[in-house]
Amino acid sequence: MAITIKDIAKIAGVSKTTVSRALNNQGRISQDTREKILQIAKETNYRHNKIATSLRSNKSMVIGLIFPGFMAGHFYSEIFHGIESYCTKKGFGVLTGCSDGVAQKEEKIIELLQERRVDGIIIAPTSGINLDYYQQFKNERLPFIFIDKYLPEIEAARIIVDNKKGAYLAVKHLIEKGHKKIALLSGPEYPCTTIEERFQGYTEALNENNITYKKIIKTDKNIYNQRESGYQAAKKFLTNNDGATAIFAINDSIALGALRAIREAGLKVPKDMAVVGFNDDDILSYLEHPLTTISVPKYEMGIKAAQLLINIIEAESNDSKKIIKLYPKLLIRETT
């Protein structure tokens, strides 16, 4: 016969409510009592019935997560690990969806998550998505927060990085290395807030140093694979280079594509062309010439996003409009 919360309460000499709080890591109970209950649950092989709990509380104990991509070692995969870690600790499951930066696909994923009655959604939104979805969230009181990117038209909590500051640090570093003609290699997801803010940082650093040369290398929107997109755009740019000696890539995946194009053009990094990325993806330190980049606290972003959303879900805070901004730092490696 399966043991129940009532059985654990009797053994521990406490109420069922106290047992429930201990098992769900909620409420105010002493650490000794919590540990005692958890030990009894372990010794009696207690299995928490999530379905029964969700029916009683009218909560699914599941959140939805929508990212543009989940490639291993990629920017969003590290954020995901932070989200999953905190959610597991709090007893929440995570349903994930990959939009590939396509608005229509993102809308379909939102509909599926709503059908599965998730308790809230963390999303890195795609430009061009129907904003009615977010109004529907508000009407249905479904908590949601933006992460990394956001939609300026929608007032909502968000976890972001100081992209402007990061880009400023990257370009300032290139200027200090003697570069006067620095091109910015954009990404296929433009327009989005991250790229726009990084462009602002790029421009500010140039203006501050009285550098008039500004060059935006645009990528093909039809090539969403970031590395391929960066490769093709940089390859085309290098055939008609107007004197640029450095590239600030909007993210590391784009930068990796650019490095391939530079290598194939017979140029040396950083002697002929310096390159700086943004995000500090895991793969960078394994390159033959590790990439100079802007490091972002990705795992911390995930932790803070999950914490903020779950606090809103559990009505422990009124943070539905809170903005948390994390700060990047420059990592100087071999490509500059």
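These numbers come from a predicted model, not from an experiment. Residue indices follow the written sequence of each chain, beginning from 1 at its first position. At least 70 in pLDDT is required for a residue's local features to be given in this predicted model, at least 80 for side-chain atom pairs to be given and counted, and no such filter applies to totals for whole chains, interfaces and linings, which use all residues. The side-chain quantities take in all heavy atoms of the structure and omit both hydrogens and water.

Student: Before we go on, may I ask you to explain the overall build of the protein chain in this structure?
Tutor: Starting at the N terminus, helices and strands are each numbered in turn, a helix being any DSSP run of H or I of at least four residues and a strand any DSSP run of E of at least two. Looking only at helices and strands, the protein chain features 12 helices and 12 strands. For the protein chain, the spread of C-alpha atoms along the three principal axes comes to 80 × 40 × 35 Å. Type-normalised accessible area, obtained with a 1.4 Å probe on protein chains alone, sets the label of each residue: buried when under 20%, exposed when over 50%, and partly exposed for intermediate values. Split into buried and exposed, the 336 residues of the protein chain put 51% on the buried side. Should any heavy atoms of two residues lie within 4.5 Å, those residues are counted as being in contact. The contacts of the protein chain with a sequence gap of at least 6 include a subset with a gap of at least 24, amounting to 71%. Only the protein chains shown count as cover for residues, and all accessible areas are computed by the Shrake-Rupley method using a 1.4 Å probe. Working note: accessible area of the protein chain is about 16,700 Å², and carbon and sulfur atoms make up 48% of it. Of the side chains in the protein chain, 47 bear a positive and 39 a negative charge, and the two mean positions are spaced by 3 Å. Counting rule for charge: Lys and Arg are taken as positive, Asp and Glu as negative, and neither His nor the chain ends is counted. Throughout, a charge is located at the NZ atom of Lys, the CZ atom of Arg, the CG atom of Asp or the CD atom of Glu.

Student: How should the nonpolar core be read in this particular structure?
Tutor: The tendency in soluble globular proteins is for nonpolar side chains to be buried side by side. The definition of a nonpolar core used throughout is a set of buried Ala, Val, Leu, Ile, Met, Phe, Trp, Tyr and Cys residues joined through side-chain atoms within 4.5 Å. Judged by nonpolar contacts, the single largest core of 75 residues is most densely connected at Ile 83, Ile 147 and Phe 248. Considering every element that reaches this core, the biggest residue donor is helix 12 (residues 298-313), with 8 residues. Core analysis: the next-biggest nonpolar cluster, separate from the first, contains 20 residues, Tyr 133, Leu 142, Phe 146 and Tyr 150 among them.

Student: How should I be thinking about the pairing of strand 8 (residues 246-249) in this particular structure?
Tutor: On any regular strand, side chains alternate: one points to one face of the sheet, the next to the other face. What you see with strand 8 is no split at all: Ala 246 and Phe 248 on one side and Ile 247 and Ala 249 on the other are buried throughout. DSSP bridges decide pairing: two strands pair if at least two such bridges lie between them. Taken together, the 4 bridges between strand 6 (residues 182-185) and strand 8 define a ladder with parallel strand orientation. The partner of Leu 184 across the bridge, within strand 8, is Phe 248. By the criterion used throughout, a crossover qualifies as right-handed when its path from the first strand across the helix to the second strand runs clockwise, the strands pointing away from the viewer. Between the parallel elements strand 8 and strand 9 (residues 274-276), the chain passes through helix 11 (residues 252-264) in a crossover that is right-handed.

Student: Quick question: what am I supposed to make of the packing of aromatic side chains here?
Tutor: Each aromatic ring pair is specified by the distance between its two centres and by the angle formed by the two planes. Classification of ring pairs rests on two measures: the distance between centres of Phe, Tyr or Trp rings, Trp counted by its six-membered ring, which must be within 6.5 Å, and the angle between planes, read as stacked under 30 degrees, edge-to-face over 60 and tilted in between. Taken as a whole, this structure holds 9 aromatic pairs when the rule is applied. For the pair Phe 67 and Tyr 76, a centre-to-centre distance of 4.7 Å together with 40° between the ring planes defines the contact as tilted. Ring geometry for Tyr 134 versus Phe 144: centroids 5.4 Å apart, planes at 50°, classification tilted. Here Tyr 134, found in helix 7 (residues 132-139), pairs with Phe 144, found in strand 4 (residues 144-147); they are 10 residues apart in sequence, far enough to count as distant. The same class applies to Tyr 134 as to Phe 144, namely buried. Through a chain of ring-to-ring contacts, the aromatic side chains of Tyr 134, Phe 137, Phe 144 and Phe 146 assemble into a single cluster. Across the ring face of Tyr 150, the terminal group of Arg 158 is positioned such that the distance to the ring centre comes to 3.9 Å. Think of it as a cone above the ring: NZ of Lys or CZ of Arg counts as a charge over the ring if it is within 6 Å of the ring centre and within 35 degrees of the ring normal. Arg 260 extends its terminal NZ or CZ atom over the ring of Tyr 231, reaching a point 3.9 Å from the ring centre.

Student: I'm lost on helix 6 (residues 103-115) in this one. Help?
Tutor: It helps to recall that an α-helix has 3.6 residues per turn; residues three or four apart then point in one direction. In this analysis, the expected span of each helix is defined as 1.5 Å times one less than the number of residues it contains. With 13 residues, helix 6 should cover 18 Å at 1.5 Å per step; its first-to-last C-alpha distance of 19 Å lies within 8% of that length. Buried residues belonging to helix 6 abut strand 1 (62-67), strand 2 (93-98), strand 3 (121-123) and helix 7. Following helix 6 by one or two positions, Arg 117 has its phi on the positive side, about 55°.

Student: Explanation requested: the environment of Thr 193 in the structure shown.
Tutor: If you trace the backbone, Thr 193 turns up in helix 9 (residues 193-208). Residues Thr 193 and Lys 214 lie 21 residues apart in sequence; the distance between their C-alpha atoms is 20 Å. Excluding residues that lie within four positions of it along the chain, Thr 193 makes contacts with Asp 148, Lys 149, Tyr 150 and Pro 152. Polar contact criterion, stated in full: a pair of N or O atoms within 3.5 Å, where within protein one must be able to donate a hydrogen and the other to accept it, and residues adjacent in sequence count only if both atoms are side-chain atoms. Within the structure, the side chain of Thr 193 is placed 3.2 Å from the backbone nitrogen of Tyr 150, a separation counted as a polar contact.

Student: Quick question: what am I supposed to make of the environment of Lys 172 here?
Tutor: Checked against the element boundaries, Lys 172 lands in helix 8 (residues 163-176). Separated by 57 residues in sequence, Lys 172 and Ser 229 place their C-alpha atoms 25 Å apart.

Student: Explain the sheet that holds strand 11 (residues 323-326) here, please?
Tutor: Strands pair in a sheet through their backbones, by hydrogen bonds, and they do so in one of two ways: parallel or antiparallel. As summarised here, the arrangement of the 6 strands in space is 2-1-3-4-5-11, forming an open sheet in which the pairing is parallel. Because the sheet does not close on itself, it has two edges, and the strands there are strand 2 and strand 11. Strand-to-strand twist across the sheet, computed as the mean angle between neighbouring axes with direction ignored, equals 15°. Alignment of strand 3 against strand 4, held across 3 bridges, turns out to be parallel. Residue pairing for strand 4: Ile 123 is matched across the bridge by Phe 146. Interaxial angle, 0 to 180 degrees, is taken between N-to-C directions of lines fitted to C-alpha atoms, where a helix line uses only the stretch in contact.

Student: How should the packing of helix 5 (residues 75-89) against helix 12 be read in this particular structure?
Tutor: Packed helices, taken two at a time, are described by their axes: the angle between them and the distance between them. Closest axis-to-axis distance for the helix 5/helix 12 pair is 7 Å, and the angle between their directions is 45°. The orientation of helix 5 relative to helix 12 falls into the category oblique. For the element pair helix 5 and helix 12, the recorded crossing hand is right-handed. Taking contact as the criterion, the partners of Phe 75, Glu 78, Ile 79, His 81, Gly 82, Ile 83, Ser 85, Tyr 86 and Cys 87 in helix 5 are, on helix 12, Lys 298, Tyr 299, Met 301, Gly 302, Ile 303, Ala 306, Gln 307 and Ile 310. Considering only residue class, the contact of helix 5 with helix 12 consists of 10 nonpolar, 5 polar and 2 charged. Note on angle classes: values under 35 degrees are labelled roughly parallel, values over 145 roughly antiparallel, values of 65 to 115 roughly perpendicular, and the remainder oblique. Put simply, a crossing is left-handed when the front helix is turned counterclockwise from the back one by less than a right angle, and right-handed when it is turned clockwise. Amino acids are sorted into nonpolar (Ala, Val, Leu, Ile, Met, Phe, Trp, Tyr, Cys and Pro), charged (Asp, Glu, Lys and Arg) and polar (every other residue, Gly among them).

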